[in-house]
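# Secondary and tertiary structure notes
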Amino acid sequence: MSDSVEINLSTPDKFNIIEDIIKKKRKNKDFLHLTYQAYKISSILKNQVLVISESLKNSSNVSIFDHQILAAKKILFDFNGTGMLADEVGLGKTIEAGIILKELIVTGRINNALILTPPSLVPQWKDELSTKFDLEFLSHLDDDFKGFSSHNYVVASLSTALQPKNLNSVYGKTWDIVLVDEAHSLKNSETQKHIFVKNIPKKKLILLTATPVQNNLKELYNLMDLLQPGILGNWKEFKRIYVDSTDLRKVNPITKDYLQELISDLVIRNTRKEVGEYIKFTNRIANTHIVSPSADERKLYTSITAKIRNLYQSNSSPLVLMGYQKNISSSTYSTKNALKTMKTSEIISSDEYDEFMDMANKISVDCKMNHLLNIIKNNGSKFLIFCEYIATQNYIFDCLTDAGLDVEIFNGTMDPSQKKEAVNNFKNNVQILISTGAGGEGQNLQFCSNIVNYDLPWNPMNVEQRIGRVHRIGQKRDVQIHNYAVKNTIEEYILDLLYTKIELFTLTLGELDVMFENLSPNEITQKFFKQYMNSVNAEEIKNKFTVLGNEWKKNKSLVQDTVSTFNQNVFKNFSLGSVENG
Amino acid sequence: MDEINSLIKNFVMEYFEKIGCNIKNSDGVYLVAIPVDYRQIFNSENLHVTFEPEVSKITSAELIIPGSIILQKILMNCKSKSPITTAFAVNSDGNNGYAVRLFFDISIMGNEKYFEVITLDMDLKTHEKINFEPELEIFEKLDFAQIDSSGISKLFFKSIEEIRKITNKIEEKIFQKNNKLLDEMEKNLSLNNSKKIEDLQQICSNSQSNGEDLKNFDLMMDKIKILREQHENAKNLLKIKYGVIVNYDLFAATIFKY
């Protein structure tokens, strides 16, 4: 039996009423009834529960935690649906937003909603709202999407919504609520994104970000000003009062408490440390496998790469060539597939095609597959294998089933019911699921704790998306991540840069965004390809990737330093406590 | 309109009237002209508000419901007033003496939470609780200066004991629930920790019997020591997390003759 919990009794007289009575001081007699009513109403509101809380707690589709209910209550009852959810990554900001939306819809307080997210998260949002909250949103990617003003519940990418062709449609009605995910993208008030969101006609606004401050306090000011214009005064005043005069990144220690109070009227932040006492977060363990190719594999890779490099240097379309390079790094099946397309589009001649195909046909099993089979066979638990291409998916499927293993597949060509069935089959019957891309977005696969990156997404964001499928609240075991690359291929250099040099796994999605802030996902991958194509030998490639790594590593430490300084100064003792006491 | 919304509407309208606003009602939209002294609170000279969700959908009026920013500002303004008034008891002969009505904002916070406003009438002389709740009417002419309020500090502490008697059952319920949770958490914690320590002890004894390097043995012993310390820290953290916080916050008082 435990020791008893402690009761902490406090009887504050913060208005010095007892002292004033001794001094025979009367005051504010006209306000007695109103003051009494004000406290009474506050008590009733604080006792209020969410209409949907019981149904959510009993739902088998979603696990709800106390901090999420508290955050939703605070936004709904104290902030009237306008505020910032700034929980640290992995604590379920999407769930909190889902609770808020569901409560507002169920209680008839909103009739429409617009969710704006980064492009890659649109399907995930749509799916999570549907599967976890029974809320059907339409996205701009859907066939039956007829424009923003034609639908009541829309999830879209921010970059799509602000395109000139969509502006009239978005501005065409007053949205009951607008929700912006990864809202740090609005941190600069001069940008098109910030101005666009500011101008959307809306009654409520919710911003979601794990990193409300990335470089300096102006960013926080801009986000707060978007939520409630004028709340922090003008920037000049704000800077004078709350920002350290010597460093824009630091809070003025004298006024820190006031800033904290102002922020707590609009911002909720739960930290992993606080909720960690009742939510156990497991570790991510990265296992890097640089596998030596067979002589045939080596010959095939170097021959086709030489051809691609020649074409690259003779100004052929780099994007198309990059696609082929990715294919030949993935598997023999995807290489053969790429060769067929290269021949059809006359990038290679028939002779070259035959020559390369002969080489490919000599390869019986890929070196990566030999290694993977050993790992899976020695481990009875479930494996989620990711690859970029359907050809590679087919290859892995054939090899694993030939080896007598139970396998299911998941890819973008399947309809929602097939996808659901595949996930159920993986959960209940088979040992292995092979998924393309960041497939399975929105699916909860926490019952599996082994991930295999059979080929490597060159875009670091996609790596995080893949891992995020299983490493989330509810995962009970440490997550083993197996990353494959073949020795002396471009993937080996990328793997080394992303995982060894900049320790990708220690970063959160928000931090990744900042680290690569001036680069789109395409630009990141093109950067890798360019360095690789422009190098004549292994040493040169290594040097170029080292330079790239050092540059990003510098960004990384700056981001982490700023975020941690700000957290210590402003968010310390702020988040969950203020929610509970609210 | 449900009870809370009706309560809010009456409260807000009373507030606007009390601070001297000029109010015009047009089909459920109230145009409220704010007096100069209060404009800073609302950052505005005029407010367009409504209490009807349907009206808010077809107009630009701000809907005042739980969570509304305007409501929040009014609540905050009223809650900062801390009135001290004098009164007389309407349904009493006035021969009993003087008493004080204390207004408390109560919060009891554990895993479950409870919030309530409680008033308590205490005799100024005997410091005893008055066992009926007289209806009070503000009476400014009461000679406050002549009333002996020197024992008010003692009376205040006595009033806390009385409130505790009222909230005792709720406090006990929240306390028991937190105790149960703490117990469960501690059991899990101990179980996990024991397992880790057992594993390490097993490694230690294996390395001893294999005659392996003593350095490894010392390393394991250090790890066990750290685990035990971490366990104690975690236990203390849990006790803090599952502690129950009880606040009796005094926010107003009325001295009265009864």
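Residues numbered from 1 in each chain as written. Chains lettered and ligands numbered in written order. Predicted model: local features only at pLDDT ≥ 70, side-chain atom pairs only at ≥ 80, totals over all residues.

### Details of the overall build of chain B
Looking only at helices and strands, one finds six helices and nine strands in chain B. The buried share of chain B, taken over its 258 residues, is 26%. Looking at chain B alone, contacts between residues at least 24 apart form 65% of all its contacts between residues at least 6 apart. (Helix = DSSP H or I, 4+ residues; strand = E, 2+ residues; numbered from the N terminus. Buried ≥ 20, exposed ≤ 12 C-beta atoms within 10 Å, placed from the backbone. Contact = placed C-beta atoms within 7 Å.)

### Some words on the overall build of chain A
Helix and strand content of chain A: 26 helices and 14 strands. Here chain A, with 582 residues, has 44% of them falling under the buried criterion. Sequence separation of 24 or more characterises 76% of the internal contacts of chain A that already satisfy a separation of 6 or more.

### Regarding the nonpolar core
Formed by 70 residues in total, the largest nonpolar core has its most connected members in I100(A), V178(A), L179(A), V180(A) and I206(A). If you tally residues by element for this core, the top one is helix α5 (residues 93-106) of chain A, at seven residues. Aside from chain neighbours lying at most four places away, what touches V180(A) is L116(A), L158(A), L186(A), V197(A), L207(A) and L208(A). Listed in part, the 63 residues of the second largest apolar core include I74(B), C78(B), I84(B) and I108(B). (Core = buried A, V, L, I, M, F, W, Y, C linked by C-beta atoms within 7 Å.)

### Re the environment of F15(A)
Considering the arrangement of structural elements, one finds F15(A) in the loop between β1 (7-10) and α1 (17-22). Dropping the residues within four chain positions of it, F15(A) is found in contact with S82(B) and F251(B).

### Section: the packing of helix α14 (residues 295-313) of chain A against helix α17 (residues 350-361) of chain A
Residues and elements named next belong to chain A. Axis separation between α14 and α17 bottoms out at 9 Å; the angle between their running directions is 155°. Considering the angle they form, α14 stands roughly antiparallel to α17. Judged by the sense of rotation from one axis to the other, the crossing of α14 with α17 is left-handed. Listed contacts from α17 to D296, K299, L300, S303, I304 and K307 of α14 are E352, F356, M359 and A360. (Axes fitted to C-alpha atoms, helices over the stretch in contact; angles between N-to-C directions. Parallel < 35°, antiparallel > 145°, perpendicular 65-115°, else oblique. Left-handed = near helix turned anticlockwise from the far one by under 90°.)

### A short note on the pairing of strand β3 (residues 46-50) of chain B
Residues in a regular strand point their side chains to alternate faces of the sheet. Residues and elements named next belong to chain B. Judged from the five bridges that link them, strand β2 (residues 29-33) and β3 form a sheet pairing that is antiparallel. Residue pairing across strands places A33 opposite N46, the latter belonging to β3. Bridge count for β3 against strand β4 (residues 62-63) is two bridges, and the pairing is parallel. When the bridges of β4 are listed, T50 appears paired with L63. Considered for its hand, the β-α-β crossover made up of β3, helix α3 (residues 53-58) and β4 is right-handed. (Pairing = 2+ DSSP bridges. Right-handed = clockwise from strand over helix to strand, strands pointing away.)

### Description of the interface of chain A and chain B
Listed by partner, the interface residues are 54 residues for chain A and 61 residues for chain B. Looking at the side of chain A that touches chain B, the elements that each hand over two or more residues are β1, α1, α2 (32-47) and α4 (66-78) of chain A. Ranked by residue count, the leading element in the side of chain A that touches chain B is α2(A), at 15 residues. Note that β1(A) and strand β9 (residues 244-257) of chain B share four bridges and pair parallel. Residue S10(A) lies in a different strand from β9(B), and its bridge partner there is N247(B).

### Some remarks on the sheet that holds β2(B)
Taking strand neighbours across the sheet as the criterion, the four strands line up as β1-β2-β3-β4 (chain B) in an open arrangement whose pairing is mixed. Each of the sheet's edge strands pairs with one partner strand only, and the pair in question is β1 (22-26) and β4 of chain B.

### As for the sheet that holds strand β11 (residues 407-410) of chain A
Residues and elements named next belong to chain A. With parallel pairing, the six strands of this open sheet are ordered in space as β9-β14-β13-β10-β12-β11. Two strands lie at the open edges of the sheet, namely β9 (284-291) and β11, each paired on one side alone. Taking each pair of neighbouring strands and ignoring which way they run, the sheet shows an average axis angle of 20°. Pairing geometry for β9 and strand β14 (residues 479-486), over eight bridges, is parallel. Across the sheet, residue I285 finds its bridge partner in β14, namely Q480. Against the sheet, helix α22 (residues 490-501) touches β9 and β14, its axis set at about 145° to β14.

### Topic: the packing of α5(A) against helix α6 (residues 122-133) of chain A
Residue and element names in this part refer to chain A. Look at α5 against α6: their axes get within 11 Å of each other, and the N-to-C directions meet at 65°. Every pair of crossing elements has a handedness; the one defined by α5 and α6 is right-handed. Contact residues: T94, G98 and K102 in α5; E128, L129, K132 and F133 in α6. For the contact of α5 with α6, a count of residues per class yields two nonpolar, two polar and three charged. (Nonpolar A, V, L, I, M, F, W, Y, C, P; charged D, E, K, R; others polar.)

### Topic: unusual backbone geometry
Not every positive phi belongs to a glycine, and E182(A) is a case in point at roughly 50°. Inspection of the secondary structure puts E182(A) in the loop between β6 (177-180) and α9 (192-199). Of note in this structure, N43(B) is not a glycine but carries a positive phi near 55°. Summarising the element assignment, N43(B) is placed in the loop between α2 (39-42) and β3.

### Looking at the environment of H194(A)
Residue and element names in this part refer to chain A. Inspection of the secondary structure assignment puts H194 in helix α9. Sequence-wise, H194 and N222 are 28 residues apart; in three dimensions their C-alpha atoms are separated by 8.7 Å. Residues in contact with H194, not counting those within four places in the same chain, are L186, N188, S189, N222 and L226.

### With respect to helix α18 (residues 367-377) of chain A
Residue and element names in this part refer to chain A. Among all positions of α18, only K368, M369, L372 and I376 are buried. Looking straight down α18, one finds that the buried residues subtend no more than 90° of arc, so they occupy a single side. More than 90 degrees from the buried face of α18, the exposed residues found are N374 and K377. Packing partners of the buried residues in α18 comprise β9, β10 (383-387), α19 (390-402), β12 (432-436), β13 (450-453) and β14. (Arc of directions from axis to C-beta.)

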